[in-house]
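Close look at the chain arrangement
Read off the chains here:
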2 protein chains.
Amino acid sequence: MKLFFSPTSPYVRKCLVTAMELGLTDRIELLLGKASPVLPDTAIAEHNPLGKVPTLITDDGQALYDSRVICEYLDHLAGGQLFPKGPARWQALTLQALGDGLLDASLLARYEEALRPEALRWSDWRQGQLDKVRRALQALESGSPALDQQVHIGTLTIGCALWYIDLRFSELAWRDSHPKLAAWQATFGQRASMKAEWSLP
Amino acid sequence: MKLFFSPTSPYVRKCLVTAMELGLTDRIELLLGKASPVLPDTAIAEHNPLGKVPTLITDDGQALYDSRVICEYLDHLAGGQLFPKGPARWQALTLQALGDGLLDASLLARYEEALRPEALRWSDWRQGQLDKVRRALQALESGSPALDQQVHIGTLTIGCALWYIDLRFSELAWRDSHPKLAAWQATFGQRASMKAEWSLP
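Each residue is numbered by its place in its chain's sequence as written, counting from 1. Chains and ligands are labelled sequentially in the order written, the chains with letters from A and the ligands with numbers from 1. The predicted origin of the model limits local features to residues at a pLDDT of at least 70 and limits the giving and counting of side-chain atom pairs to 80 or more, whereas totals for whole chains, interfaces and linings rest on all residues. Hydrogen atoms and water are omitted, and side-chain values are computed over all heavy atoms in the structure.

A few words now on the pattern of salt bridges. Any carboxyl oxygen of Asp or Glu that lies within 4 Å of a side-chain nitrogen of Lys or Arg is treated as forming a salt bridge with it. If you walk through the whole model with that rule in mind, you get 24 salt bridges over all chains. Residue A:E21 is joined to A:R191 by a salt bridge in which the shortest nitrogen-to-oxygen separation is 2.8 Å. With A:E21 in helix α1 (residues 10–21) and A:R191 in the loop between α8 (179–188) and α9 (192–195), this pair connects stretches of sequence that are 170 residues apart. Type-normalised accessible area, obtained with a 1.4 Å probe on protein chains alone, sets the label of each residue: buried when under 20%, exposed when over 50%, and partly exposed for intermediate values. A relative accessible area of 30% places A:R191 in the partly exposed class. Linking A:D100 and A:R68 is a salt bridge whose minimum nitrogen-to-oxygen distance equals 2.8 Å. Pair noted here: A:D100 is in helix α4 (residues 88–114) and A:R68 is in helix α3 (residues 67–77), with a separation of 32 residues, a long-range link. This pair shows no difference in class: A:D100 is buried, exactly as A:R68 is. Through salt bridges with shared partners, a single ionic network connects A:K14, A:R68, A:D100 and B:D66. We count a stretch as a helix when DSSP gives it H or I for four or more residues in a row; a strand needs E for two or more, and each element gets its number in order from the N terminus.

All names here are of chain A. Segmentation into domains, and thus their bounds, comes from an automatic or database assignment. Entries for chain A in the domain assignment read domain 1 (2–77) and domain 2 (88–192). Of note, the centres of domain 1 and domain 2, computed from C-alpha atoms alone, are 21 Å apart. By definition in these notes, contact holds between two residues if any of their heavy atoms fall within 4.5 Å. With 16 residues of domain 1 at the contact, the number on the domain 2 side is 20 residues. Where domain 1 abuts domain 2, roughly 1500 Å² becomes buried across the two surfaces, and 65% of that area is made up of carbon and sulfur atoms. The tally of links between domain 1 and domain 2 comes to four salt bridges. As a salt-bridge pair, R89 and E72 come within 3.4 Å of each other at their nearest N and O atoms. Any N or O atom pair separated by 3.5 Å or less is treated as a polar contact, with the protein-specific requirement of one donor-capable and one acceptor-capable atom, and with residues adjacent in sequence counted only for side-chain atom pairs. The interface formed by domain 1 and domain 2 includes seven residue pairs in polar contact (both at pLDDT 80 or more). Broken down by secondary-structure element, the contributors of at least two residues to the side of domain 1 that touches domain 2 are α1 and α3. Buried area: the accessible surface (1.4 Å probe) lost by two parts on joining, summed over both.

Glancing now at the relation of the copies chain A and chain B. Each copy superposes on the other: chain A lies on chain B with an RMSD of 0.0 Å after a rotation of 180° and an axial shift of 0.0 Å. Taken together, the rotation and translation relating the two chain copies correspond to the operation of a two-fold axis. For chain A, the smallest separation between a C-alpha atom and the rotation axis is recorded for A:L120, amounting to 2.1 Å. Residues reaching a pLDDT of at least 70 in both copies supply the C-alpha atoms on which the copies are superposed by least squares.

So, on to the environment of B:D66. Mapped onto the elements, B:D66 comes out in the loop between β4 (63–64) and α3 (67–77). Note: C-alpha distance between B:D66 and B:L56 (ten residues apart in sequence) is 8.4 Å. Apart from the residues lying within four places of it in its own chain, the contact partners of B:D66 are A:R68, A:A97 and B:P54. Within polar-contact distance, the side chain of B:D66 engages the side chain of A:R68 at 2.8 Å.

Take the sheet that holds strand β2 (residues 29–32) of chain B next. Residues and elements named next belong to chain B. Paired strands, in this sense, are two strands between which DSSP finds at least two bridges. The strand order across the open sheet formed by four strands is β2-β1-β3-β4, and the pairing between neighbours is mixed. Unpaired on one side and paired on the other, β2 and β4 mark the two borders of the sheet. Across two bridges, the pairing between strand β3 (residues 56–57) and β4 is antiparallel. Across the sheet, residue L56 finds its bridge partner in β4, namely L64. Working convention: axes come from line fits to C-alpha atoms, limited for helices to the stretch in contact. Angles between N-to-C directions cover 0 to 180 degrees. Strands β1 (2–5) and β2 of the sheet are contacted by helix α1 (residues 10–21), whose axis makes an angle of about 150° with β1.

Before going further, it helps to examine the nonpolar core. Residues belong to a common nonpolar core when they are buried Ala, Val, Leu, Ile, Met, Phe, Trp, Tyr or Cys residues joined through side-chain atoms within 4.5 Å. If you look at the biggest cluster of nonpolar residues, it comprises 125 residues, and the most contacted ones within it are A:L3, A:L74, A:L181, B:L3, B:L74 and B:L181. Top element by residues in this core is α4(A). It accounts for eleven residues. Leave out the neighbours within four places in its chain, and A:L74 touches A:M1, A:C15, A:A19, A:L22, A:L24 and A:I28. Core analysis: the next-biggest nonpolar cluster, separate from the first, contains eight residues, A:L120, A:W122, B:L108 and B:L120 among them.

Turning our attention to the interface of chain A and chain B. Between chain A and chain B, the contact holds 46 residues from the first and 46 residues from the second. Here chain A meets chain B over a buried area of about 4200 Å², counting both sides, of which 64% is carbon and sulfur. For chain A, the biggest contributors to the area lost against chain B are A:L50, A:W90 and A:W122; these three give 18% of the whole. For the pair chain A and chain B, the number of links is six salt bridges. The shortest N-O distance in the salt bridge between A:R68 and B:D66 comes to 2.8 Å. On the surface where chain A and chain B come into contact, there are 14 residue pairs in polar contact (both at pLDDT 80 or more). Elements supplying a minimum of two residues to the side of chain A that touches chain B: β4 (63–64), α3, α4 and α5 (123–142) of chain A.

Structure representation (structure tokens):
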């Protein structure tokens, strides 16, 4: 399989973390993806009209996206259990949606500051997105939705979301104001998949 | 069940279309959701820290989101087949992701014009998002990914995405330049779920 890759994309990381948990890392070749919201990557767009990483090309040439679809496909391929069946499924999938939503908001706040020309920035927009990030962190701290050390797509997504917050929003100093979430991350973050770094060959 | 609702949200529509296909409409009570990226709705945020519609409250009080999770939950609840098993699953889910991605880009283009103060608008951003929309429509026209009249979460999502394009971007006149997609929609759009309108009681 081939995966369009960017080292700073939290959604790419989510796919690679999932692959590592499933023992599939060696079966995935990384391809450079230079996606940006204002400059499309034509190599990616050939397979995914949205022009976004991650995009997976399967061994039989199908293009699969986005990260949720790729992760579930990898789980299926490996006969994994990262997407629980039964009532636990809806909690795991909602936790994934919370992590993805936290990341969507983080990325929009980041684009507002790092990509948009300074004269065109709108502080209410960035603030609105960062408020979503703050409310999501607070919800995780207060245990709703519940977070434990079980390894599934929900907890893996939250791990990747916190990785991105550390990468781009260290000024939030989220550990100081979220001690329970920090304790969760201190333990969960010991997993090899959470500590791994990926780069192009 | 209760669903936080906005009449112009394509993601809410996706959930209601799915519920109607599954015969679940009567079991869902609509609650007004006034979500905006810059003004959070506190009633929603109590259940979903991202403060977004759609958010579903199940009969046993669980909050589920986002639209992908809600739709799969409804399908499970009704014993439906809108989320295929086997190889067809990955195509249906990728088609859903394409429709959702087209909508994400449409909404960002719309916010740039309808929400952001005029002096702070960045035409490259709006253009970059509309380019994603155009490439997505072109991909659907050219049959990659394939679109047929089968009813599953992928085709339902594309139907809702085209509904939103008609609602907000009629100036794109997409039917003129995408005759195959227009023919697909002319047939698929005859389904009762595609023609339905919802409003608060």
